[in-house]
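Residues per chain, in single letters:
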There are 2 protein chains.
Amino acid sequence: MTALAFNAFVMNTASHIQHGQWRRPDAQQVNFNDVNLWVDLARTLERGLFDAIFFADIVGVYGPLGGDYEVNAREGLQIPSNDPSVLLSALAVNTEHLGLAFTSSVLQAHPFDFARKVSTLDHISRGRVAWNIVTSSVENAARNFGLDQLTPHDERYAWAQEYVDVVYKLWEGSWDEGALLIDRARGVFADHNKIHKINHVGARYRVEGPHLSSPSPQRTPLLFQAGSSGAGRQFAAANAEGQFIITPNPTVAAELIRDTRRLAVAAGRRAEDIKFFQGMSFILGSTEAEVRRKEAEYDEHVSVDGFLAHHNYAVDRYGKPYPADTPLSAIKSEASQSILDWYAKSTPGKVPTVADLGRLTSRRGRIAGTPEQIADQLEQWQQAGIDGVNVINWHLPGSYEEFNEHLLPVLQKRGLAKREYRPGTLRQKLFGTDRINERHPAARYRGAFTPNTANSTVEFA
Amino acid sequence: MTALAFNAFVMNTASHIQHGQWRRPDAQQVNFNDVNLWVDLARTLERGLFDAIFFADIVGVYGPLGGDYEVNAREGLQIPSNDPSVLLSALAVNTEHLGLAFTSSVLQAHPFDFARKVSTLDHISRGRVAWNIVTSSVENAARNFGLDQLTPHDERYAWAQEYVDVVYKLWEGSWDEGALLIDRARGVFADHNKIHKINHVGARYRVEGPHLSSPSPQRTPLLFQAGSSGAGRQFAAANAEGQFIITPNPTVAAELIRDTRRLAVAAGRRAEDIKFFQGMSFILGSTEAEVRRKEAEYDEHVSVDGFLAHHNYAVDRYGKPYPADTPLSAIKSEASQSILDWYAKSTPGKVPTVADLGRLTSRRGRIAGTPEQIADQLEQWQQAGIDGVNVINWHLPGSYEEFNEHLLPVLQKRGLAKREYRPGTLRQKLFGTDRINERHPAARYRGAFTPNTANSTVEFA
């Protein structure tokens, strides 16, 4: 049995995924503005041998354009929220092994500035940074960054492709190995012959370079991606080292994983070059009775409105959820019709309502049981091909403290969780190498701007 | 005697201002990639009651377009360099009072993303963030961000004016006081009636909003600016709360300060709404003999090439400095002719050379003497109207350790330095108020997006 990898899936906000839970008296995520919440959590996660703290993010508010965001504000539904990237160095200096993964959209940062930010964080953390590549699918986000409307889906992935090309060039190609000398006696800090402009010219970006940061331990950060559409999966197959999935069961997971791995191989990579992380939230109890009691407790706090507004179904054109007792069959929603149908069928024998839809949504990825039962289920997921779990929380820091105290020991006994960290960078821990492997598209830019190398794209007179 | 304010003027790079000094055996700035250098320095500065650590930054390489950056790389002349903004939270969690000032150009970050980054940092640091507003005057920086060439000087300030308008709207106008409720019992996290879109539409930006972060302790960070040109001074007079100057003597300082304060009053502010920080590097000795010895030591390490390349004078069209013995009179440089003339005149009786120019440049802002002598000089500067000093270092952390140990006690005895921090935010410490004052242009956006207030720009049907 190989150990699974575990990330803590969080967001710098009060209500990330499990809407309504912030109202629990023990839910400290309401204090997300306070850095101490995160510093303490990072230490807790490192005690639990978590591979990474994985920050989701979004740069707009969910809902239709005319929406008044009443539900979003009331539920703390990812607003207010803070920038995760500038929080990471506080966590880096309070941990030694924990990976620091954050989400950044191609929409929000220029790739030249973004590449330097990541290199800086990778230096600060000694090689523990990961980037979750997203393209922003929220209308308000587009309008925060000067666009009239969301860029069409497939075009966003073409945009993302150029974006990663620019940052790959800066991370992998701009500085050759050995450029940094810090030679006091000769008075040479760096060798300019080994530092190159990239002169990128593309559809959206023109970037001269050179990269301003010297090579960080990982150069390219560990790359996560979460797209599950056609273009998204193609992009992940070509670029991701970790893919975040939320599938309803191991069978669907196995299919998705097999398919993406096939695409990766077709793109010149190996099946094992991508690790798959299923999103799961655990409800742990030492007895079945305790499990049922805790399930009921979480269910009681579920905000149906929060789930509906987050997922944009069963809301009217102002973003307002329909009344809880509205039968699903009465709702006309072009965007979400297939989901509505699926839910309507999944509860046969009664007329499903908007309230059912919200409650069912809250159960995505939920696994309840005693530690032994959960370990059994994780074995099945592992057999289906997952390499790790993105652990979704109900409340901070409690959900992860429970994981550490009650689930981890059982998983360790079963060989499903590691007993200690491997040394080195995040990529070293997960893939046994500091730098992205030679099959990855980023690697083709190594030496690409160095005159007279095999990879060189530079013509010299 | 009022105490002066003191900032430590640093950069996340090896050779910021005093080029060549990194070659000293005790110069730890060569380890700028290591976060521990900065954490330890921040603690040292807090022991010395520094008001802020002030990070300069640049997003390109100095020199002409065709330059090969040989000098820049050799001297570590602001390349490699790292992003200061993502370093700040590591310093915030290791200090309690120290202000955290960083430079960010309108060129590098979209104002929506930038505003959120700053709010996040202001939350993390409990109100200790300052922003040094710059427009980037380096050609390579423009070409890293998709421009063909540098935007003309005065147009850059028009750009900066729109940029600050956007971020002021987000910081001051998007969230009313009292919007954040965190009311568990009623299940209301925030009141959407007090959170507003800003719907900014301008020449360069369209930003819908709302701001995603809730109001941070200072809302608008403390604002620094350093422009000394006509447009730059006008901008500073209207917007800055701290202005960074490097003037050759107290007389010139007094003139500049008087002039800028007059402009501030003309813009509806008060003279005391801007504090002026003169850039100074100290050479401290307990005797005059020791001072002379240390001066010689620093002079010995000066990199003439570094100064010339940094300031872009006496370099040819490839960015290469002319040979050290070239007489200044032999150099044709349109851009720098007036500086060359000034230097040529300032050393009468000999034929000044390129080497003299470099060495003289290294002395800008230098004050050498015993602690008592330096205190005498600081009194003169204070009489000229400066409120504080941006202390330029020769080497990290030594220059600031010397300040703490030898200069600070004498300044305290004279009443020129404080004996303890005032409590509260950075603005509270410097101006006695957490929020930017009502005379500042940012304040006009308070309530601007709230229906039916005095400031309201929102028309309701």
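Position labels on residues start from 1 in each chain and follow its written sequence. Labels follow written order: the first chain is A, the first ligand is 1, and so on. Per-residue local features are limited, in this predicted model, to residues with pLDDT of at least 70; the limit for side-chain atom pairs, both in listing and counting, is 80 or more; totals at the level of whole chains, interfaces and linings are taken over all residues. Just so you know, side-chain values use all the structure's heavy atoms and leave hydrogens and water out.

Q: Requested: an account of the overall build of chain A, with residues and values cited.
A: Numbering of helices and strands runs from the N terminus, with a helix taken as a DSSP run of H or I at least four residues long and a strand as a DSSP run of E at least two residues long. The helix and strand tally for chain A stands at 15 helices and 13 strands. The globule rule is 2.2 Å times the number of residues to the power 0.38, and the radius of gyration it is compared with is taken over C-alpha atoms. Over its C-alpha trace chain A gives a radius of gyration of 23 Å, about what one expects of a compact globule, namely 23 Å for 461 residues. Overall, the C-alpha framework of chain A stretches about 75 × 55 × 45 Å when taken along its three principal axes. With a 1.4 Å probe rolled over the protein chains alone, any residue whose accessible area is under 20% of its type maximum counts as buried; one over 50% counts as exposed, and the rest are partly exposed. Here chain A holds 461 residues, and the buried ones make up 64% of them. Between two residues, a contact is recorded if the distance between any of their heavy atoms is within 4.5 Å. Restricting the contact set of chain A to residue pairs at least 6 apart, pairs at least 24 apart contribute 75%.

Q: Can you tell me about the nonpolar core, naming the residues and giving the values?
A: In terms of nonpolar packing, the biggest core is built from 246 residues, with W38(A) and W38(B) touching the most fellow members. If we skip the residues at most four places from it in the chain, W38(B) touches V10(B), M11(B), N12(B), F32(B), I53(B), F55(B), L87(B), L91(B) and L396(B). Throughout this description, the term nonpolar core refers to a set of buried Ala, Val, Leu, Ile, Met, Phe, Trp, Tyr and Cys residues connected via side-chain atoms within 4.5 Å.

Q: Let's hear about the pairing of strand β10 (residues 242-245) of chain B: which residues, and what values?
A: In the case of a regular strand, side chains alternate between the two sheet surfaces. All names here are of chain B. On β10, burial covers both faces: G242 and F244 on one face and Q243 and I245 on the other are all buried. In this analysis, strands are considered paired if DSSP registers two or more bridges between them. For strand β9 (residues 222-225) and β10, the ladder comprises two bridges, and the chain directions are parallel. Counterpart to F224 in the pairing with β10 is G242. We call a crossover right-handed when, viewed with both strands directed away from the observer, the connection leading from the first strand over the helix to the second proceeds clockwise. Once the chain exits β9 it traverses helix α7 (residues 230-239) before rejoining the sheet at β10, and the crossover so formed is right-handed.

Q: Residue-level account of the relation of the copies chain A and chain B, with values.
A: Between chain A and chain B, the superposition needs a rotation of 180° and an axial shift of 0.0 Å, giving an RMSD of 0.0 Å. Considering both components of the superposition, the chain copies are consistent with a two-fold axis. Closest approach to the rotation axis among the C-alpha atoms of chain A is made by A90(A), whose C-alpha sits 2.0 Å away. Both copies share a contact surface, since 100% of the interface residues of chain A are interface residues in chain B too. When the copies are overlaid, the least-squares fit takes in C-alpha atoms only where the residue has pLDDT of at least 70 in both copies.

Q: Can you lay out the confidence of the model for chain A for me, pointing to particular residues and giving the numbers?
A: Per-residue pLDDT for chain A averages 93, and the proportion of residues at 70 or more is 97%. The complex prediction reports pTM at 0.96, with the ipTM value standing at 0.96. Confidence scores labelled pLDDT are given residue by residue by the predictor and lie between 0 and 100.

Q: So what's going on with the UniProt feature "binding site: FMN" (unreviewed entry) in chain A? Which residues, and what values?
A: Residues and elements named next belong to chain A. With numbering matched to this structure, UniProt assigns "binding site: FMN" (unreviewed entry) to D57, T103, H153, Y157, S228 and S229. Summarising the element assignment, Y157 is placed in helix α6 (residues 153-173). Setting aside anything within four residues of it in sequence, one finds Y157 in contact with T135, Q225, G227, S229, A231, G232 and F235. Locating S228 in the fold gives a position in the loop between β9 (222-225) and α7 (230-239). UniProt positions are given in the numbering used here, feature names are shortened, and annotations may be inferred rather than shown by experiment.

Q: Can you tell me about the environment of L411(B), naming the residues and giving the values?
A: All names here are of chain B. With respect to the element layout, L411 can be found in helix α14 (residues 398-414). Sequence spacing of L411 and I374 is 37 residues, and the spatial spacing of their C-alpha atoms is 9.0 Å. With residues up to four places along the chain from it excluded, the contact list for L411 reads F6, A375, L378, F403, L416 and A417.

Q: I'd like a description of α6(A), backed by residues and values.
A: In a helix, the anticipated span is given by 1.5 Å times the number of residues less one. An ideal rise of 1.5 Å per residue puts 30 Å on 21 residues; α6(A) measures up with 29 Å between its terminal C-alpha atoms. The buried fraction of α6(A) amounts to 16 of the 21 residues, a majority that puts the element mostly inside the structure.

Q: I'd like a rundown of the packing of helix α6 (residues 153-173) of chain B against α7(B), residues and numbers included.
A: All names here are of chain B. Put simply, α6 and α7 touch, their axes get as near as 9 Å, and they point 15° apart. Judged by the inter-axis angle, α6 sits roughly parallel to α7. Where α6 crosses over α7, the handedness of that crossing is right-handed. Here α6 contributes H153, D154, Y157, A160, Q161, V164 and Y168 to the contact with α7, which in turn contributes A231, G232, F235 and N239. Note on geometry: axes are lines fitted to C-alpha atoms, helical ones only across the stretch in contact, with angles between N-to-C directions running from 0 to 180 degrees. Here is the rule for angles: anything less than 35 degrees is roughly parallel, anything more than 145 is roughly antiparallel, 65 through 115 is roughly perpendicular, and the remaining ranges are oblique. Note: crossing handedness is left-handed where the near helix turns anticlockwise from the far helix by less than a right angle, and right-handed where it turns clockwise.

Q: An account of the pattern of salt bridges is needed here, citing residue identities and associated values.
A: Salt-bridge detection follows one rule: a side-chain nitrogen of Lys or Arg within 4 Å of a carboxyl oxygen of Asp or Glu. Summed over the entire model, instances satisfying the criterion amount to 68 salt bridges over all chains. In this structure, the salt-bridge partner of D26(B) is R24(B), at a minimum N-O distance of 2.9 Å. D26(B) sits in the partly exposed class, given a relative accessible area of 33%. Note on R24(B): relative accessible area 6%, which makes it buried. Three or more residues are tied together by salt bridges with common partners; here these are E288(A), R292(A), E295(A), D299(A), R363(A) and R366(A).

Q: Tell me about the interface of chain A and chain B, and name the residues and values.
A: With 81 residues of chain A at the interface, the matching set in chain B holds 81 residues. Two parts placed together each lose some accessible area under a 1.4 Å probe, and the buried area is that loss summed for both. The contact between chain A and chain B buries some 6600 Å² in all, and 55% of this surface belongs to carbon and sulfur atoms. When the area that chain A buries against chain B is broken down by residue, the three leading residues are V86(A), R184(A) and F189(A), summing to 12%. One can count eight salt bridges joining chain A with chain B. Linking D34(A) and R126(B) is a salt bridge whose minimum nitrogen-to-oxygen distance equals 3.4 Å. By the criterion applied in these results, polar contacts are pairs of N or O atoms within 3.5 Å in which, for protein atoms, one can donate a hydrogen and the other can accept it, and in which residues neighboring in sequence qualify only through two side-chain atoms. The tally of links between chain A and chain B comes to 49 residue pairs in polar contact (both at pLDDT 80 or more). Here the element with the most residues in the side of chain A that touches chain B is helix α4 (residues 111-124) of chain A; it accounts for eight residues. In this count, Pro and Cys sit with the nonpolar residues alongside Ala, Val, Leu, Ile, Met, Phe, Trp and Tyr, while Asp, Glu, Lys and Arg are called charged and the others, Gly among them, polar. Here the residues of the side of chain A that touches chain B are counted per class, giving 36 nonpolar, 24 polar and 21 charged.

Q: An account of the packing of aromatic side chains is requested, with residue identities and associated values reported.
A: Any pair of Phe, Tyr and Trp rings, taking the six-membered ring for Trp, is counted once the centres come within 6.5 Å. Such a pair is stacked with planes under 30 degrees apart, edge-to-face with planes over 60 apart, and tilted for the rest. As enumerated under the stated definition, the model contains 44 aromatic pairs over all chains in all. Aromatic pair F9(B) and F54(B): ring centres 5.3 Å apart, planes at 70°, arrangement edge-to-face. Of the two residues, F9(B) is situated in strand β1 (residues 5-11) and F54(B) in strand β2 (residues 52-56); the sequence distance between them amounts to 45 residues. For F9(B), a relative accessible area of 7% translates into the label buried. The structure contains a cluster of three or more aromatic residues connected by ring pairs, namely F102(A), F114(A), W131(A), Y163(A), W171(A) and Y205(A). Distance and angle both matter: a charge sits over a ring if NZ of Lys or CZ of Arg is within 6 Å of the ring centre and within 35 degrees of the ring normal. Over the face of the ring belonging to F431(B) we find K275(B), whose NZ or CZ atom lies 4.9 Å from the ring centre.

Q: Please set out the packing of α7(B) against helix α8 (residues 250-266) of chain B residue by residue, giving values where relevant.
A: Residues and elements named next belong to chain B. Packing of α7 against α8 leaves a shortest axis separation of 8 Å and a crossing angle of 60°. Put simply, α7 runs oblique to α8. Both α7 and α8 take part in a crossing whose hand is right-handed. For the pair α7 and α8, contact is made by R233, Q234 and A237 and by L256, D259, T260, L263 and A264, respectively.

Q: Go over unusual backbone geometry with me, naming the residues and quoting the values.
A: Between I79(A) and P80(A) the backbone carries a cis peptide bond, its omega angle lying at -5°. The residue P80(A) is located in the loop between α2 (70-75) and α3 (88-92) in this model. In the Ramachandran plot, L49(B) falls in the positive-phi region, its phi being about 60° despite a non-glycine side chain. Along the chain, the position of L49(B) falls in the loop between α1 (35-47) and β2. Of the residues examined, L49(B) reaches a relative accessible area of 14% and is grouped as buried. If you check the backbone angles, I182(B) has positive phi at about 45° while not being a glycine. Looking at the secondary structure, you find I182(B) in strand β5 (residues 180-183). With a relative accessible area of 29%, I182(B) lands in the partly exposed category.

Q: Talk me through the side chain of T361(A); I want residue IDs and the actual numbers.
A: Residues and elements named next belong to chain A. Mapping T361 onto the fold places it in helix α12 (residues 354-361). Take T361: its relative accessible area is 3%, and that puts it in the buried class. Not counting residues up to four positions away in its chain, the partners in contact with T361 are F307, H311, Y313 and Y343.

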